[in-house]
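Below, each chain spelled out in residue letters.
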Amino acid sequence: MKTSRGARNQTRPAKEILPKQDDGVLMKRKYFGTDGIRGQSNIFPMTADLAMRVGVAVGTIFRNGAHRHRVVIGKDTRLSGYMLENAMVAGFTAAGLDVFLLGPIPTPGVAMLTRSLRADIGVMISASHNPFRDNGIKLFGPDGYKLSDDIEQKIEELIDQDMSGQLAKPEDIGRAKRVDGDIYRYIEQAKRTLPRDVTLKGLRIAIDCANGAAYKVAPLALWELGAEVVSIGTEPNGVNINLECGSTHPEALQKKVHEVRADIGIALDGDADRVLIVDEKGTVIDGDQLMAVIADSWAADGMLQGGGIAATVMSNLGLERYLQARRLKLHRTKVGDRYVVEQMRQDGLNVGGEQSGHIVLSDFGTTGDGLVAALQILAVVKRQGRAVSEVCRRFEPVPQVLKNVRVSAGKPLEHEAVRQAIADAEAELAKGGRLLIRPSGTEPLIRVMAEGDDRSKVERIVDELVTVIGSVRNAA
């Protein structure tokens, strides 16, 4: 069914300042951040002890009714994954849940199998694009969506309590089994997202799996769809995940594209929930351009829902202008794919994502999926019969400058000098640019970003704001 394409973007202010907590930076919970629990392995909170307690706490919350409850656990290829996986199995089985161990599998595969296997909870052990020393725990509900803030708060409260009274009786302790073959369910699901009239025959695809979770599934799916596949980043050893490879280090893929004369390069990150594309010339194409390609294609096919897409405040103004010219709206969200998904569900959108390459296509899944997003791009390339460099360069990005100011305490954004500097910058940018001042959700930083058609002006505005915020911080 075709949807309306007549939604026009509203005139938006040049300034965007996100809410802050009393200390001037985003308030952190004890364990959960913007994307689950994350930290350096074997250092609090990313320890085996805490992972086991998370298993007990989550199992307690989702243990409703007399039926056998189940949880699926996937992971990427980090060395610490073995430790955390076993600790969580201990916690969940102690709480009376049966555990299905999926082994290395992309994050979207965990979300999909949580629903497919009718599990009560899904767990992905991964720190995404971070180096191997880090790891994390992402949790999904039975619907395949990440848990709400309220449920995460309940988990935090339970973790710090004595949970001995929540443990299962001896006869009710859960069982655990490994089901590696279920990754092929994810492969088949991903393949089905490619339109039936499209085949990848004739395409030479270079793919970098970041030595991460997709090292088996992604090359196999592309090959089964008919492509000639050249793979790198498919030899994980526990410590080389994201190491000079993957979407955060696309140089290796750029080199490989040139070396084998590939038609396209696909760069995934450690858990394969994000993707960047390298065209046949070796140029990197970010998530903003990819969202423009998909939105345009889906709108033409009558598939785009809600008259627009969702993207974070970090997406380039060029994307917003491109969509507006096509009478499509860009719904801005806070940074983080979970906020993109929330906006999509709220406004009935089926395309959303981040500049970094998280692309969420809710017709096919509940979270970012690098492989599925890449397949949508490949479908457009094949249907149009043009080079990737022509298909994926939809707009000229507006110059964008981002700098950080470290702030450990105080309320620098409420200082009169800072307020005046922001007002002056806003007036200077007027309608020709955008100013974003936001506290980081993961570090004690204030991020200052401006974009506009005049790069020198944008750079000067950011430098002046950083100087003013820094002087107020130092004075405090």
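Values in this document were obtained by computation on a predicted structure and should not be read as measured data.

What counts as what
- Sequence order as written defines residue numbering, which begins from 1 separately in each chain.
- This being a predicted model, a pLDDT of at least 70 is required before a residue's local features are given, and a value of 80 or more before pairs of side-chain atoms are given or counted; all residues contribute to the totals for chains, interfaces and linings.
- Just so you know, side-chain values use all the structure's heavy atoms and leave hydrogens and water out.
- Within this scheme, the nonpolar core is defined by two criteria: the residues are buried Ala, Val, Leu, Ile, Met, Phe, Trp, Tyr or Cys, and they are joined through side-chain atoms within 4.5 Å.
- Relative accessibility decides the category of a residue: with a 1.4 Å probe and only protein chains considered, values under 20% of the type maximum give buried, values over 50% give exposed, and everything between is partly exposed.
- For helices the rule is a DSSP run of H or I covering at least 4 residues; for strands it is a run of E covering at least 2, with both sets numbered from the N terminus onward.
- The domain boundaries here were taken from an automatic or database domain assignment.
- Between two residues, a contact is recorded if the distance between any of their heavy atoms is within 4.5 Å.
- Only when DSSP finds a minimum of two bridges between them are two strands counted as paired.
- Note on handedness: a clockwise path from strand one over the helix to strand two, with the strands aimed away from the viewer, defines a right-handed crossover.
- Any Lys or Arg side-chain nitrogen located within 4 Å of an Asp or Glu carboxyl oxygen qualifies as a salt bridge.

A. Fine view of the nonpolar core. Leu 200, Ile 205, Leu 222, Ile 266, Val 275, Ile 309 and Leu 378 are the most contacted members of the largest nonpolar core, which totals 72 residues. Of all the elements, helix 11 (residues 370-384) adds the most residues to this core, at ten residues. In this structure, this core is formed jointly by two domains, domain 1 (37-179) and domain 2 (185-392), each of which donates at least three residues. Val 275 has contacts with Ile 266, Ala 267, Leu 268, Leu 290, Ser 356, Gly 357, Ile 359, Gly 370, Ala 373 and Ala 374, leaving out every residue within four places of it along the chain. Counting residues in hydrophobic clusters, the runner-up holds 32 residues, among them Val 54, Val 58, Ile 137 and Leu 147.

B. View of the pairing of strand 9 (residues 204-208). Most of strand 9 is tucked away: four of the five residues are buried. As defined by bridge partners, strand 9 adjoins strand 10 (residues 228-232) across five bridges and the pair is classed as parallel. Across the sheet, the residue bridging to Ile 207 is Ser 231, located in strand 10. Crossover strand 9 to strand 10 through helix 6 (residues 217-224) is right-handed. Where strand 9 meets strand 11 (residues 264-268), four bridges bridge the pair, whose relative direction is parallel. Note that in strand 11 the partner of Ile 207 across the bridge is Ile 266.

C. Here's a closer look at unusual backbone geometry. A cis amide bond, omega 5°, links Phe 44 with the succeeding residue Pro 45. Position of Pro 45 relative to the elements: it lies in the loop between strand 3 (36-40) and helix 1 (48-62). Phi at Arg 118 is positive, roughly 55°, even though this residue is not glycine. Position of Arg 118 among the secondary structure elements: in the loop between helix 3 (107-116) and strand 6 (121-125).

D. Quick look at the pattern of salt bridges. Inspection of the entire model under this criterion finds 31 salt bridges. In this structure, the salt-bridge partner of Glu 85 is Arg 178, at a minimum N-O distance of 3.3 Å. Within this pair, whereas Glu 85 is found in helix 2 (residues 80-94), its partner Arg 178 is found in strand 8 (residues 176-178), the two being separated by 93 residues in sequence. Given the relative accessible area of 1%, Glu 85 is considered buried. The shortest N-O distance in the salt bridge between Arg 321 and Asp 453 comes to 2.9 Å. One end of the pair, Arg 321, is in helix 9 (residues 317-325); the other, Asp 453, is in the loop between strand 20 (445-452) and helix 14 (455-475), with 132 residues separating them in the sequence. Within this structure, Asp 35, Arg 38, Lys 138, Lys 146, Asp 271, Asp 273 and Asp 337 form a network of salt bridges that share partners.

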